[in-house]
Amino acid sequence: MNLIPEIYFMVYYIMIKMSDSKELLTTINTELTKDSPDWNSILKITLAHFSCSTGTLHFLDDNSLLQLQSQVGIPEFLIPKLSTIPIGKGMAGIAAERKKPVEMCNLQTDDSGVARPSAKDTKVEGSLAAPLLLNDTLFGTIGIAKPVPYDFTEAEMNLLLQIGELISKNLS
């Protein structure tokens, strides 16, 4: 069996993804340089890159609560339940508390207690929440999710953290 074509494909795929990641960060940074960034647009660009259907962007308020800034794909009846999230509650709250990404392959079958029971009503499965951090200062969280089970890679988690850092620079 000749593995050379497979190796070339893998190298090509990695190069494309790296290029896509740089382009994503450049696009988001361009949006953030506007006088009034379109947070919904930033979230949609992020979701498209990760092939996700659902996402949230929460900013930390003066009372140390996460306040919903933007959302895509969240059922209307759930919005009141995720408008304000305490640090340490749910995936976003735990990502904020730990200052590290929180990932679930399948939110629908999770029994760890990390996801709040109402989160299952979103009908998403593969989920990732990451803190918005700049110099270890928390500014909020960003969450993305797919409608299928999915394990996010370390590279994908790091990219979401980079997006979070760009957003945090704008908020600082």
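Residues numbered from 1 in each chain as written. Predicted model: local features only at pLDDT ≥ 70, side-chain atom pairs only at ≥ 80, totals over all residues. Heavy atoms only, no water.

### Observations regarding helix α5 (residues 154–171)
For clarity, the cut-off: Each helix corresponds to a stretch of at least 4 residues labelled H or I by DSSP, and each strand to a stretch of at least 2 residues labelled E; elements are numbered beginning at the N terminus. One less than the residue count of a helix, multiplied by 1.5 Å, gives the span that helix is expected to have. Relative accessibility thresholds used throughout: buried, under 20% of the residue-type maximum; exposed, over 50%; partly exposed, between the two (1.4 Å probe, protein chains only).
With 18 residues, α5 extends 25 Å between its outermost C-alpha atoms, agreeing within 8% with the 26 Å of an ideal straight helix rising 1.5 Å per residue. The complete set of buried residues in α5 reads E156, M157, L159, L160, I163, G164, L166, I167 and S168.

### Re the nonpolar core
Note the threshold: To define a nonpolar core, start from buried Ala, Val, Leu, Ile, Met, Phe, Trp, Tyr and Cys residues and group those joined through side-chain atoms within 4.5 Å. Here a residue-residue contact requires only that any non-hydrogen atoms of the pair lie within 4.5 Å.
Among the nonpolar cores identified, the biggest contains 27 residues, and F50, I142, I144, L160, I163 and I167 are the most heavily contacted of them. Of all the elements in the fold, those that place two or more residues in this core are α1 (4–32), α2 (39–50), β1 (54–60), β5 (127–134), β6 (137–145) and α5. Considering each element in turn, this core owes the most residues, six residues, to α5. For I163, the residues in contact, after removing those within four places along its chain, are L24, L25, I28, T46, F50 and I142. Of all hydrophobic cores here, the second largest spans ten residues; its members include L66, I85, A96 and L138.

### What about the confidence of the model for the protein?
What counts, and what does not: pLDDT: the predictor's confidence for each residue, scored from 0 to 100.
Looking at the protein, the pLDDT average stands at 83 and 76% of residues meet or exceed 70. Note that residues 7–18 has pLDDT below 50 and, in this model, one contact with residues that lie over four places away or in other chains.

### Some points on the packing of α2 against α5
We count it as follows: Axis definition: a line fitted to C-alpha atoms, limited for helices to the stretch in contact. Angles are taken between N-to-C directions and run from 0 to 180 degrees. Angles below 35 degrees are treated as roughly parallel, those above 145 as roughly antiparallel, those between 65 and 115 as roughly perpendicular, and all remaining angles as oblique. Two helices crossing with the near one rotated counterclockwise from the far one by less than a right angle form a left-handed crossing, whereas a clockwise rotation gives a right-handed crossing. Gly is placed with the polar residues, together with every amino acid not listed as nonpolar (Ala, Val, Leu, Ile, Met, Phe, Trp, Tyr, Cys and Pro) or charged (Asp, Glu, Lys and Arg).
The interhelical angle for the contact between α2 and α5, taken along N-to-C directions, is 170 degrees, at an axis separation of 12 Å. Comparing their axes, α5 and α2 come out roughly antiparallel. Helix-helix and strand crossings are classified by hand; for α2 and α5 the assignment is right-handed. Within the contact between the two elements, α2 uses W39, I42, T46, H49 and F50 and α5 uses E156, L159, L160, I163, I167, N170 and L171. Taken together, the residues of the contact of α2 with α5 sort by class into eight nonpolar, three polar and one charged.

### Focus on the environment of T33
For clarity, the threshold we go by: Definition of a polar contact: a pair of N or O atoms within 3.5 Å, with one able to donate and the other able to accept a hydrogen when the atoms are protein atoms, and with sequence-neighbouring residues admitted only if both atoms are side-chain atoms.
With respect to the helices and strands, the residue T33 is situated in the loop between α1 and α2. In this structure T33 comes out as exposed when scored by relative accessible area, which is 59%. Counting along the chain gives 137 residues from T33 to N170, while the straight-line C-alpha distance between them is 7.9 Å. A distance of 2.6 Å separates a polar atom in the side chain of T33 from the backbone oxygen of T30.

### Overview of the packing of aromatic side chains
What counts is decided by this rule: Stacked, tilted and edge-to-face are the three classes applied to pairs of Phe, Tyr and Trp rings, where Trp contributes its six-membered ring and a pair requires centres within 6.5 Å; stacked means planes under 30 degrees apart, edge-to-face means over 60, and tilted covers the rest. When the NZ atom of lysine or the CZ atom of arginine is within 6 Å of a ring's centre and also within 35 degrees of its normal, the charge is said to sit over that ring.
Counting across every chain of the model gives two aromatic pairs. Considering the side-chain rings of W39 and F59, the 4.9 Å spacing of their centres and the 85 degrees angle between planes classify their relative orientation as edge-to-face. Here W39 is found in helix α2, whereas its partner F59 is found in strand β1, with 20 residues between them in sequence. Taken individually, W39 and F59 each receive the classification buried, so the pair is uniform in this respect. Centre to centre, the rings of Y150 and F152 are 4.9 Å apart; their planes meet at 80 degrees, and the pair counts as edge-to-face. Over the aromatic face of Y150 sits the side chain of K146, whose NZ or CZ is 4.4 Å from the ring centroid.

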